[in-house]
Amino acid sequence: MKITAIYPGTFDPITNGHTDLVHRAAQLFDHVIVAVAANTTKTPAFSLDERVEMAHTVLDGIKNVEICGFDSLLVHFVTERGAQVILRGLRAVSDFEYEFQLAGMNRKLAPKIETLFLMPAEQYAYISSSLVREIARLGGDVSEFVHPHVKAALQERMRGV
Ligand code: COA
């Protein structure tokens, strides 16, 4: 049986930590769908289309990875796509409580879907999209944390903000 894993997130913007996780997942699963959430609870800095476009550019060339936007309940999206696994990254203990709640709720809603966790490489353990946005906004260098295309998009977006 072919296993499809869905890696959901806001990706506002996609960072090297997210990319690291996708590369790891692509080696483990037959098909990986990076699911970019519209996420109305977070008021993202980039529109859904912009976040999807950035993910496309950054992840270009990994042949079993697909990028897709979604605006529905995650478990509905997972079922629609015939996937079996929700994939999340765990960077530190501080991520655990939220992830525990999310995984528990998703299991309640769809008991057959499993949530699996992967750890990003150590050097990405402290990266988050909001920190990257803040550093860019204040004129700091984000080259180490994001793809050059994302860096350019951040500079463009933060100009004059
Ligand atoms: N490397 C670096 N940073 C990472 C990372 C990694 N491997 N994994 C996560 N992060 C960071 C992100 O940059 C983000 O940082 P920020 O909060 O500073 O912006 C943070 O960790 C969490 O972001 P992300 O992984 O994108 O997840 P999220 O919490 O934004 O996404 C959804 C949550 C989209 C999965 C969830 O809201 C959802 O499922 N929504 C769909 C609607 C739904 O079904 N809701 C009910 C759920 S029960």
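Let me sum up the structure you'll find in this document. Computed from a predicted model, the values in this text were never measured in an experiment.

### Overview of the sheet that holds strand β1 (residues 4-9)
The sheet built from five strands is open, its strands ordered β3-β2-β1-β4-β5 with parallel pairing. Each of the sheet's edge strands pairs with one partner strand only, and the pair in question is β3 (65-70) and β5 (114-118). The sheet shows a mean angle of 30 degrees between the axes of neighbouring strands, taken without regard to direction. Bridge count for β1 against strand β2 (residues 31-37) is six bridges, and the pairing is parallel. Looking across to β2, one finds that P8 is bridged to A35. Contacting β4 (85-89) and β5, helix α4 (residues 93-109) crosses the sheet at an angle of about 170 degrees to β4.

### Structural notes on α4
A rise of 1.5 Å per residue sets the reference length of α4, with its 17 residues, at 24 Å; its end C-alpha atoms lie 25 Å apart and thus fit the reference within 8%. At E99, α4 is bent by approximately 30 degrees, the largest bend along its length. By the burial criterion, the buried members of α4 are D95, E99, A103 and N106.

### Brief notes about the site of the ligand
Close to the ligand lie 26 residues; T10, K42, L74, S129 and S130 are nearest. Between an oxygen atom of the ligand and a side-chain N or O atom of R91, the distance comes to 2.9 Å. In isolation the ligand has 940 Å² of accessible area, and contact with the protein removes 83% of it. Of all the secondary-structure elements, those providing two or more residues to the shell around the ligand are β1, α1 (16-28), α4 and α5 (129-137). Among the elements that take part in the shell around the ligand, α4 stands out by supplying four residues, more than any other.

### A word on the packing of aromatic side chains
Working definition: an aromatic ring pair is given by the centre-to-centre distance plus the angle between the planes. Within the structure shown, the criterion is met by three aromatic pairs. When the centroid spacing of 5.0 Å and the interplanar angle of 20 degrees are considered together, the rings of F70 and F77 count as stacked. Take F70: its relative accessible area is 9%, and that puts it in the buried class. For F77, a relative accessible area of 5% translates into the label buried. Both rings, one in F96 and one in F100, keep their centres 5.4 Å apart while their planes meet at 35 degrees; by these two values the pair is tilted. Of this pair, F96 and F100 both sit in helix α4, four residues apart, which is roughly one turn of the helix.

### Concerning the environment of Y126
Within the secondary structure layout, Y126 lies in the loop between β5 and α5. In sequence terms Y126 and I62 are 64 residues apart; their C-alpha atoms lie 25 Å from each other. One polar contact links the side chain of Y126 to the main-chain carbonyl oxygen of Q123, over a distance of 3.2 Å.

### Remarks on the side chain of T4
As for its placement among the helices and strands, T4 is situated in strand β1. With relative accessibility at 11%, the residue T4 sits in the buried group. With residues up to four places along the chain from it excluded, the contact list for T4 reads H31, I33, A83, Q84 and V85.

### A few points about the nonpolar core
Ranked by internal contacts, the top residues of the largest apolar core, which has 35 residues, are I14, L59, V65 and L154. Residue assignment for this core shows that the elements contributing at least two residues are β1, α1, β2, α2 (48-58), β3, β4, α5 and α6 (148-158). Excluding anything up to four places from it in sequence, L59 contacts I14, T19, V22, V34, V65 and I67. Judged by nonpolar contacts, the second largest core, of 14 residues, contains F77, A83, A110 and I113.

So, how was this worked out
- Residues numbered from 1 in each chain as written.
- Predicted model: local features only at pLDDT ≥ 70, side-chain atom pairs only at ≥ 80, totals over all residues.
- Heavy atoms only, no water.
- Pairing = 2+ DSSP bridges.
- Helix = DSSP H or I, 4+ residues; strand = E, 2+ residues; numbered from the N terminus.
- Axes fitted to C-alpha atoms, helices over the stretch in contact; angles between N-to-C directions.
- Contact = heavy atoms within 4.5 Å.
- Expected span 1.5 Å × (residues − 1).
- Bend = angle between axes of the 7 residues up to and from the residue.
- Buried < 20%, exposed > 50% of the residue type's maximum accessible area, 1.4 Å probe, protein only.
- Near = heavy atom within 4 Å.
- Polar contact = N/O pair within 3.5 Å; in protein donor to acceptor, adjacent residues only side chain to side chain.
- Areas by Shrake-Rupley, 256 points an atom, 1.4 Å probe, with all protein chains shown as cover.
- Phe/Tyr/Trp six-rings, centres within 6.5 Å; stacked < 30°, edge-to-face > 60°.
- Core = buried A, V, L, I, M, F, W, Y, C linked by side-chain atoms within 4.5 Å.

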